[in-house]
Amino acid sequence: MEKRKDNFIDYLREIPNYLAIFIVPVYFMTASPMLLEIGASTGNNAADLSLIFTFFTIGMILGQLTSVMYNRKFKKFKVIMAGYVLIVPILFLLSLVNNLYLFYILYFLLGYAAGVIWIQATKYVLENKIKNKDRLTTIFLSFYPIGNFIAPLIASLLINNSLNWRYSYYIMIFLTFIIMALYIWLKRGKKGQPEEEEEERISLKDIFTDRQRNIIFVLGCLLLLFYCISETVVATWAPTFLRVEKLFDVNTAGWAASLFWLAVLIGRMITGAIAGKIKSNYIMLILSIIAIVSMAVFIPLNQTIGSLAAIFMAGIGCSGIITLGISSTSTIYPHGRGVLASIVFAAVNIGVSAAPFLTRLTSQYHMSWSMAIAPIAMGMTTVMILVKIFYTNKIKKYPGG
């Protein structure tokens, strides 16, 4: 029997899942450049309003952890559609409210629904017929930084045209309806051909039956946790570090953040092209070394061009580690993909959540220390990758390896 080959149409059919990831940062990052305008309009302090990002993240983590529970009774398509049906009125209410606590509650619910959808979209990607999961996951998760790039543009469009910040939520509602329409068109399934079976009623004990695979899974989760600490420090703290420690102006610091995400996108395109041709562990190892060197060089540099070049190379180093790490870790077992993805993304979000706490703690002593967290955490990522490589090569010599 001829081995089935992936084709371009297979990847195009996953567009609804790509957009489900794309819109997540749009939901909460669009408000970031407009906090002053939102605060002035609603009578709330911008610093207090910034906590909406924390509530969104908490909601998203809980949504990701509980998402697979809904698959015991409902198919992925129905869970996703229910999530978006909940999101639309939440966005509409956000366009009306002024009360600070209502903002917190609504952003928590928005994050929860987005987290539930995230895992369902991930299950679609991990369970489809495409063989090259590393390439597919790289494409899939590349839409997250695209969302990060687009969100501030939406805010700038409104502010530069003297439009009310509340219109941003109507734009999000419009985008949400587009995604819902694409899911109905591409993922509902034909009549008489029901969607593939959903998450089996399987316990954790039934999934984690192989000790060797369990060790590889734990190593995968740890490398993702350390990696996300490193990436988040650079992505969220580097602009502040440049302004406070190196006295760069706000425009240059902003360019640093944009260059980082641009490099991440370029790196993921390259990673997607070579995924499947080179083992994912070795690609991650090379990228992590590039990231460590770039981050370490970035800290002491004071020249503008040198700093921007270093953060660009750090973005290249950060580009493919999370995509390849999630792909290889979430597919280590043939069953329970939804459960595995939930645990993997919990590790990812723990790393993302830990980074601001660590930078705030260390910045009280010295700004350079706070930035040094990035190469240190990336160094731990490299250690986990090396251990994973050595252990994987070792167990190949034995049955079950």
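Up top is the structure these notes are about.
A brief report on the enclosed structure follows. Just so it is clear, the structure is predicted and the values come from calculations on it, not from any experiment.

## Looking at the overall build of the protein chain
If you tally the helices and strands in the protein chain, you get 17 helices and zero strands. For the protein chain, whose C-alpha radius of gyration is 21 Å, the value lies close to the compact-globule estimate of 21 Å for 401 residues. Reported as C-alpha extents along the three principal axes, the dimensions of the protein chain are approximately 65 × 50 × 35 Å. In the protein chain, buried positions account for 54% of the 401 residues. Long-range contacts, defined here as pairs at least 24 residues apart, represent 85% of the contacts in the protein chain between residues at least 6 apart. Of the roughly 18600 Å² of accessible surface on the protein chain, 68% is carried by carbon and sulfur atoms. For the protein chain, the distance from the average site of its 34 positive side-chain charges to the average site of its 19 negative ones is 5 Å.

## Quick word on a nonpolar patch on the surface
Nonpolar side chains collect at one region of the surface, where Phe92, Leu93, Leu96, Leu163, Tyr167 and Tyr170 lie side by side and expose about 570 Å² of accessible area between them. Every element with two or more residues in the nonpolar patch is listed here: α6 (76–94) and α9 (167–186). Position of leucine 93 relative to the elements: it lies in helix α6.

## Focus on the packing of helix α13 (residues 280–298) against helix α15 (residues 321–330)
Taken N-terminus to C-terminus, the directions of α13 and α15 make an angle of 150°; their axes are 9 Å apart at the nearest point. Viewed along their axes, α13 and α15 adopt a mutual orientation that is roughly antiparallel. Crossing of α13 over α15 shows left-handed handedness. Residues Ser280, Ile283, Met284, Leu287 and Ser288 of α13 form the contact with α15, whose participating residues are Ile321, Leu324, Gly325 and Ser328. Split by residue class, the contact of α13 with α15 holds five nonpolar, four polar and no charged.

## A closer look at the nonpolar core
In globular proteins that are soluble, nonpolar side chains generally tend to be buried together. If you look at the biggest cluster of nonpolar residues, it comprises 122 residues, and the most contacted ones within it are Tyr27, Tyr84, Phe103, Tyr107, Tyr183 and Met371. Looking at which element gives the most residues to this core, the answer is helix α11 (residues 211–245), with 16 residues.

## Regarding the pattern of salt bridges
Applying the stated criterion to the full structure yields three salt bridges. Across the salt bridge formed by lysine 76 and glutamate 127, the nearest N and O atoms sit 3.2 Å from each other. In this pair, lysine 76 sits in helix α6 while glutamate 127 sits in helix α7 (residues 100–127), placing the two residues 51 residues apart along the sequence. Close ionic contact of glutamate 127 with lysine 123 constitutes a salt bridge, the shortest N to O distance being 3.1 Å.

## Thoughts on the environment of isoleucine 278
Here isoleucine 278 lies in the loop between α12 (250–274) and α13. Judged by its relative accessible area of 41%, isoleucine 278 is partly exposed. In the structure, isoleucine 278 is positioned 111 residues away from tyrosine 167 in sequence and 46 Å away in space, judged by C-alpha atoms.

## Observations concerning the environment of isoleucine 105
As for its placement among the helices and strands, isoleucine 105 is situated in helix α7. Since its relative accessible area comes to 49%, isoleucine 105 is described here as partly exposed. Through-space distance from the C-alpha of isoleucine 105 to that of phenylalanine 92 is 14 Å; in sequence the pair is 13 residues apart.

## Thoughts on the side chain of serine 168
Looking at where serine 168 falls in the secondary structure, it is placed in helix α9. Here tryptophan 165 takes part through its backbone oxygen, which lies 2.7 Å from a polar atom of the side chain of serine 168. Setting aside chain neighbours within four positions, we find serine 168 in contact with Thr30, Met34 and Leu158.

## Comments concerning the packing of aromatic side chains
In this description, a pair of aromatic rings is defined by centroid distance and the angle of the planes. Throughout the structure, instances matching the rule amount to 14 aromatic pairs. Ring centres 6.4 Å apart and planes at 40° place the aromatic pair tyrosine 84 and tyrosine 183 in the tilted group. Here tyrosine 84, found in helix α6, pairs with tyrosine 183, found in helix α9; they are 99 residues apart in sequence, far enough to count as distant. On the basis of relative accessible area, tyrosine 183 is assigned to the buried category, the value being 0%. One aromatic cluster in this structure is built from Phe55, Tyr101 and Tyr104. Sitting over the face of the ring of tyrosine 124, lysine 76 holds its NZ or CZ atom 4.9 Å from the ring centroid. Taking the ring centre of phenylalanine 298 as reference, the NZ or CZ of lysine 246 above it sits at 4.5 Å.

## Concerning the state of the cysteines
Counting across every chain of the model gives zero disulfides. No disulfide involves cysteine 228; its sulfur sits 9.6 Å from the nearest other cysteine sulfur, which is in cysteine 318. Overall, cysteine 228 belongs to the buried group, its relative accessible area being 1%. Owing to a relative accessible area of 0%, cysteine 318 belongs among the buried residues under this scheme.

The rules we used
Residues numbered from 1 in each chain as written. Predicted model: local features only at pLDDT ≥ 70, side-chain atom pairs only at ≥ 80, totals over all residues. Heavy atoms only, no water. Helix = DSSP H or I, 4+ residues; strand = E, 2+ residues; numbered from the N terminus. Rg over C-alpha atoms; globule rule 2.2 N^0.38 Å. Buried < 20%, exposed > 50% of the residue type's maximum accessible area, 1.4 Å probe, protein only. Contact = heavy atoms within 4.5 Å. Areas by Shrake-Rupley, 256 points an atom, 1.4 Å probe, with all protein chains shown as cover. Lys, Arg positive; Asp, Glu negative; His and termini not counted. Charge placed at Lys NZ, Arg CZ, Asp CG, Glu CD. Patch = residues over 30% accessible without salt bridge, like charges linked within 9 Å, V, L, I, M, F, W, Y side chains within 5 Å. Salt bridge = Lys/Arg side-chain N within 4 Å of Asp/Glu carboxyl O. Axes fitted to C-alpha atoms, helices over the stretch in contact; angles between N-to-C directions. Parallel < 35°, antiparallel > 145°, perpendicular 65-115°, else oblique. Left-handed = near helix turned anticlockwise from the far one by under 90°. Nonpolar A, V, L, I, M, F, W, Y, C, P; charged D, E, K, R; others polar. Core = buried A, V, L, I, M, F, W, Y, C linked by side-chain atoms within 4.5 Å. Polar contact = N/O pair within 3.5 Å; in protein donor to acceptor, adjacent residues only side chain to side chain. Phe/Tyr/Trp six-rings, centres within 6.5 Å; stacked < 30°, edge-to-face > 60°. Lys NZ or Arg CZ within 6 Å of the ring centre and 35° of its normal. Disulfide = S-S within 2.5 Å.

Interpretation note: all reported values are geometric properties and have no functional meaning in isolation.
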